[in-house]
Amino acid sequence: MDDDVHSPERWADCRASGRPFGPSACRTKILVPLFTDSRQIRSGLADVGYIASRQTAFAVHLADVTGRPLLLEGNTGVGKTELARALAQSAGARLIRLQCYEGVGEQEALFEWNHAKQILRLQSSTHAADVDIFSDEFLLERPLLAALRSDQPTVLLVDEVDKAQIEFDALLLEVLGDFAITIGEYGTVSAVRRPLVILTSGGKGELSDALRRRCHFSRLPNPSSGMERRILAHRIPDAEADFAAAGRDGLLNHVIGFVDALRDNGLPCGPAALVDAVAALRCIDLYDRGQVRGALCATLVHREVELPTFAALFDLWFAGASPARQKDRDEDTTPDALAELMAAASDELDASAFDDAVSTIAADLVSEFGEYRSADGDSYSAMQAMRGLDTAETTNRIAMRIAAGLPPTAMSSVIAERTAQAQLDQLQRAVTLETNRLVAQRRGRDRVARYAVPRTAGMDEPDAADTSELAAVRRAVVDLGRTLAVRQATARRRARAGEIDLRSTLRRSMSTGGVPITLVRRKPRIAKPELVVLCDMSSSVAEFSYFTLILVDALRKAFSRVRIFAFIDTVDEVTDLFAPGTDLRVAVSKMNSEAEIDVDGRSDYGRALESFASAYPNAMTSRTSLIVIGDARSNYSDPRAAVLRDLVASAKHARWLNPEPRSRWGTGDSAADAYREQITMHECRNAEQLSSVVAELLES
């Protein structure tokens, strides 16, 4: 190939021709690295405030000199997106960012024709047949096309590619494979100068193997403590001096350790969250424990399910001073005296004063009754400390004091008893907190954290030890829910446009010389279906029901209303426990403890169906889709198939999902054969079978 095809003049001539790429120009892809070596990358990134490891800088260098895209994976907040920004800034290059999301497609990522301008050009031209409406003038660039056509140094950031649909991978393969794309009406667009391409992924969704093979791969791990200190020194250089001036020497290292502990227990706290936390601490009173807790919680916690882990670790790392002890121990720490102190504290109208009183009583209990000797030395036990208090007598005394201050009504005793129990529970928590504080002082925070801190687990976090078939469903069902939800949303978005209203379109075209520039569409009536889910929560199928509820939660927006009922031998509605945004692990745990079902009981499908039909007669309508989840094993009880027949008749659609193999249906105590005559029953033992059933409900 001649050298002149690489020249700016050749490129300008191609751009001016209307069809910018001829046969030779289509193959023009100049690879000019942005950096000379990995050392220059590290120093350049440091100059703009980004601290990169040697491995990360070397991975970027390889992508830069070879022209291959770099796929960066890592947890939330580790600096994947910021790396691309810093690379562009340090190299003086143009940053083009494509933010991926569910439903992103060609029009959002590649190009779009300016249809309104095309119609106006045809209308204003006297020789419409000679007008080329598929030229540069009418082409609207999107990020991928803009990166291909740029003759300047460019960094292309395809952010959160794992959130896009799997179909989007095909588009990326075409663009990133040859750095060229073919547009039917326009021609082939090839990169003039290859951009440095950075793809980021949080690892939540699956990427195709073909796309991964096109890219170099690097994983950004959570930084070490030393790396975090260097990051803070660049981002907030005065933080340590400010803390020292406020009399809190060592607070910066303490916060770094606290963030590491949160990360070890499942919270996705990256460097960005640490920087935000330190910045927030500079704006508050560092001697106010409540303000410190609020600042750290606001910057490090992002989901409700993470709060218990944060609270437990905060109490270990920022324990505060020991509560004041009573001076006369012999008199004030007897069980009867402590019960009277707790009852007297209930008279406090000020919540802060009551909390202080409870903390003091808890300190007395732990000091007096909680200490014990073991082979490892002295320690403390919250259970042993609570045994020093007559809980029944204490509850009665508190309830009597509370009832004395209430109007004499039938509900006064109930209110007093519940309030007394809540206050005793608060004392139990205070005793546990004081015990953990003392044990942490003697044996270290890490030892207490191993048994006293609840670990936060993500909904789609795989269990490496579980290799069962249901584990495969668990790993796939989250992506499955996203895919089906996007497919349903796309179909409804298209339906929302409605049919063309010909009369209104022609009437509006009178103002544009009879050319129908704007199409007027009828507004359709869009009715989302309702969904009722009956879940067998007995031990034999509870895990499968849990995975199906994950899918139902992902598809919630596709239905106007979702109602969830749990049953074993009786049925209870648990819809409130599965509100949008609720962590399903927490919801299932609450369902097992709060729902009016006997989790240790034996399944009785006939009784459960009859209870549902009688207790919720209006749950099924002509717009309702019914899903029953269970193995239909009713322990030889009456299946009462007629009740199921009536439910199916009143629903729009009905499906039964059975996790047992079809060959076992009707064997032993299985009533599957009786139910199959009334409802369509599907074998659901993997994600593919589960998706086909739910997709059928959505499409219908």
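Rules and cut-offs
- Residues numbered from 1 in each chain as written.
- Predicted model: local features only at pLDDT ≥ 70, side-chain atom pairs only at ≥ 80, totals over all residues.
- Heavy atoms only, no water.
- Axes fitted to C-alpha atoms, helices over the stretch in contact; angles between N-to-C directions.
- Helix = DSSP H or I, 4+ residues; strand = E, 2+ residues; numbered from the N terminus.
- Parallel < 35°, antiparallel > 145°, perpendicular 65-115°, else oblique.
- Left-handed = near helix turned anticlockwise from the far one by under 90°.
- Contact = heavy atoms within 4.5 Å.
- Nonpolar A, V, L, I, M, F, W, Y, C, P; charged D, E, K, R; others polar.
- Patch = residues over 30% accessible without salt bridge, like charges linked within 9 Å, V, L, I, M, F, W, Y side chains within 5 Å.
- Areas by Shrake-Rupley, 256 points an atom, 1.4 Å probe, with all protein chains shown as cover.
- Salt bridge = Lys/Arg side-chain N within 4 Å of Asp/Glu carboxyl O.
- Buried < 20%, exposed > 50% of the residue type's maximum accessible area, 1.4 Å probe, protein only.
- Pairing = 2+ DSSP bridges.
- Core = buried A, V, L, I, M, F, W, Y, C linked by side-chain atoms within 4.5 Å.

- Per an unreviewed UniProt entry, the protein is named VWA domain-containing protein, and its organism is Antrihabitans spumae.

1. A short note on the packing of helix H13 (residues 271–281) against helix H14 (residues 289–300)
Phase 1: Across the interface, H13 lies against H14 with an axial gap of 9 Å and an inter-helix angle of 155 degrees. Between H13 and H14, the angle falls in the class roughly antiparallel. Both H13 and H14 take part in a crossing whose hand is right-handed. Contacts between H13 and H14 involve Ala273, Leu274, Asp276, Ala277, Ala280 and Leu281 on the former and, on the latter, Val292, Ala295, Leu296, Thr299 and Leu300.
Phase 2: Along the lines of polarity and charge, the residues of the contact of H13 with H14 split into nine nonpolar, one polar and one charged.

2. Let's talk about a nonpolar patch on the surface
Phase 1: Residues Phe58, Leu62 and Val65 make up a contiguous nonpolar surface patch of about 230 Å² in total accessible area.
Phase 2: Tracing the sequence through the fold places valine 65 in helix H3 (residues 54–66).

3. Details of the environment of valine 161
Phase 1: Tracing the chain through its elements places valine 161 in the loop between strand S5 (154–159) and helix H8 (168–178).
Phase 2: In this structure valine 161 comes out as buried when scored by relative accessible area, which is 0%.
Phase 3: On a C-alpha basis, the gap between valine 161 and leucine 172 in space is 9.8 Å, while along the polypeptide they are 11 residues apart.
Phase 4: Once you skip the residues sitting within four places of it in the chain, valine 161 turns out to touch Cys100, Leu172, Leu199, Thr200, Ser201 and Leu207.

4. Some thoughts on the sheet that holds S5
Phase 1: In space, the five strands of this open sheet follow the order S2-S5-S8-S1-S9, with parallel pairing throughout. Looking at strand neighbours, the two that pair on one side only are strand S2 (94–99) and strand S9 (216–219), the edges of this open sheet. For this sheet the average axis-to-axis angle between neighbouring strands, irrespective of direction, equals 20 degrees.
Phase 2: Where H3 meets the sheet, its contacts fall on strand S1 (70–73), strand S8 (196–201) and S9, and the angle it forms with S9 comes to roughly 165 degrees.
Phase 3: Docked against the sheet, helix H4 (residues 80–91) engages S1, S2, S5 and S8, running at close to 165 degrees with respect to S8.

5. Digging into the nonpolar core
Phase 1: Counting residues in each nonpolar core, the largest one holds 58 residues, and the members touching the most others are Phe258, Val278, Leu296, Leu300, Leu427 and Val431.
Phase 2: Ranked by residues supplied to this core, first place goes to helix H12 (residues 251–264) with eight residues.
Phase 3: In this structure, Leu71, Phe138, Val175 and Leu199 belong to the second largest nonpolar core, which totals 37 residues.

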